[in-house]
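The lines below spell out each chain.
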Amino acid sequence: MTSHTKKRSAKAGLPPGALVHIGEKKAAASSVTLLDYDESDVRESDIAIVDLADKVKAARGTVWINLHGLGDTAMLEQIGASFGLHPLVLEDILNTEQRSKLEDYGDYLYVVLKTFGYENKGAEEKIDSDQISLVLGKNFVLSFLETDGTQFRAVRERLRSGKGQIRKSGADFLMYSLIDAIVDSHFVILERLDERTEALEIELIAHPQPSTLHAIYRLKREGVFLRRALWPLREVISSLQRGDSPLFSRNTLLYLRDVYDHTIHIIESVESLRDLTAGMLDIYISSVSYRISTVMKVLTVITTIFMPLALIASIYGMNFKHMPGLGWDWGFFAVLGVMTIISIGMLALFRWKKWL
């Protein structure tokens, strides 16, 4: 899991709206794709930023512009100028360390959401987050991704095939489809976490090791990270599905309610994961304590058995000239017999008391 605190010294002293990328740069180059569609056709192409204005004017239906990679601030500034985006919106797009949020600018809505995935760092898998910024206008949707990920592949396939009502509806339904795809992607992470939790629970019961404790703490940190990132999502979807913005039709608001239900389910799952992790720590401590007590019980039984034997041996180890039994030929074997009888008797007593 990457660090959640990024240095912001690059923006120190700059005026509000200054376009400076904050966060990890995850794409070497930026690229723009334009998708123009209506009920009868879909027109998709990669475009140069200088041709953006002409392509938008020539569009005959709903326009979806997607920017992969946030390294080219000039390209982002050109998109903002073409659609009249506020400088603070552009600044927020480049700040990839934000919480999920919704801002209403009247003519358009600006939404920030988070997606999560696993990345391999050494021998461990760690959760990594990406920020996706969405802008909804009257007949357009803008999406800004840190990487060229596959979050929206299913939405593109539905547009190309014409399945469902996405091509029959406007930009608001496209916006809903993108948000729904992001929310549904969270279930993949939750499933992975559930699998890891079940494996850790089995390991805890069977044979807990110090590495198990490290795995539990790692899972706990990931749960805290997800909880902090996903809680604001609830308020974002709630604000959208209340229908405060005229950009969403009544039909689309019904679908947003379903997304809100999914969001609640996700947050409840994260909370359950948090409780399970806390319980696993208690189980680990109890398991280790039980193992220690078992070892101590065995050592105590052995010590208790040998205490009377040591007493007898120490008595007959005294160097007195006159002691009972010293001249008896069978004295040594008699003492060994008494020791054996005492040992067997104490073992029988312990078993009768169910201490063994």
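Reference entry: report on the structure contained in this document. (Residues numbered from 1 in each chain as written. Predicted model: local features only at pLDDT ≥ 70, side-chain atom pairs only at ≥ 80, totals over all residues. Heavy atoms only, no water.)

## A word on helix α7 (residues 250-315)
Next up, step 1: For α7, which comprises 66 residues, the first-to-last C-alpha distance of 98 Å matches the rise-based estimate of 98 Å (1.5 Å per residue) to within 8%.
Next up, step 2: Of all the bends in α7, the greatest reaches close to 30° and is centred on M307; the proline P308 follows between one and four positions later. (Helix = DSSP H or I, 4+ residues; strand = E, 2+ residues; numbered from the N terminus. Expected span 1.5 Å × (residues − 1). Bend = angle between axes of the 7 residues up to and from the residue.)

## A look at a negative patch on the surface
Next up, step 1: A grouping of E191, D194, E195, E198 and E201 is seen on the molecular surface, where their side chains present a negatively charged patch.
Next up, step 2: Along the chain, E191 turns up in helix α5 (residues 171-206). (Patch = residues over 30% accessible without salt bridge, like charges linked within 9 Å, V, L, I, M, F, W, Y side chains within 5 Å. Areas by Shrake-Rupley, 256 points an atom, 1.4 Å probe, with all protein chains shown as cover. Salt bridge = Lys/Arg side-chain N within 4 Å of Asp/Glu carboxyl O. Lys, Arg positive; Asp, Glu negative; His and termini not counted. Charge placed at Lys NZ, Arg CZ, Asp CG, Glu CD.)

## Remarks on the packing of helix α2 (residues 73-83) against helix α3 (residues 87-94)
Next up, step 1: Put simply, α2 and α3 touch, their axes get as near as 10 Å, and they point 145° apart. Both α2 and α3 take part in a crossing whose hand is right-handed. On α3, the residues touching T73, L76, E77 and G80 of α2 are L90, I93 and L94. (Axes fitted to C-alpha atoms, helices over the stretch in contact; angles between N-to-C directions. Left-handed = near helix turned anticlockwise from the far one by under 90°. Contact = heavy atoms within 4.5 Å.)

## Some points on the packing of α7 against helix α8 (residues 331-352)
Next up, step 1: Contact geometry for α7 and α8: axes closest at 10 Å, N-to-C directions at 155°. Here α7 is positioned roughly antiparallel relative to α8, judged by the angle of their axes. Like other packed secondary-structure pairs, α7 and α8 cross with a definite hand, here right-handed. On α8, the residues that touch V301, T304, I305, P308, L309, I312 and A313 of α7 are V335, V338, M339, I342, S343, M346, L347 and F350.
Next up, step 2: Looking at the contact of α7 with α8, its residues break down into 13 nonpolar, two polar and no charged. (Parallel < 35°, antiparallel > 145°, perpendicular 65-115°, else oblique. Nonpolar A, V, L, I, M, F, W, Y, C, P; charged D, E, K, R; others polar.)

## Concerning the packing of aromatic side chains
Each aromatic ring pair is described using two quantities: the centre-to-centre distance and the angle formed by the ring planes.
Next up, step 1: Here the structure, examined in full by the defined rule, presents nine aromatic pairs.
Next up, step 2: Aromatic pair F173 and Y255: ring centres 5.2 Å apart, planes at 85°, arrangement edge-to-face. One end of the pair, F173, is in helix α5; the other, Y255, is in helix α7, and 82 residues separate them in sequence.
Next up, step 3: Assessed through its relative accessible area of 6%, F173 is described here as buried.
Next up, step 4: Centroid distance W330 to F333: 5.8 Å. Interplanar angle 55°. Geometry classified as tilted.
Next up, step 5: On the basis of relative accessible area, W330 is assigned to the exposed category, the value being 56%.
Next up, step 6: By way of ring pairs, the aromatic residues F173, Y176 and Y255 are connected into one cluster. (Phe/Tyr/Trp six-rings, centres within 6.5 Å; stacked < 30°, edge-to-face > 60°. Buried < 20%, exposed > 50% of the residue type's maximum accessible area, 1.4 Å probe, protein only.)

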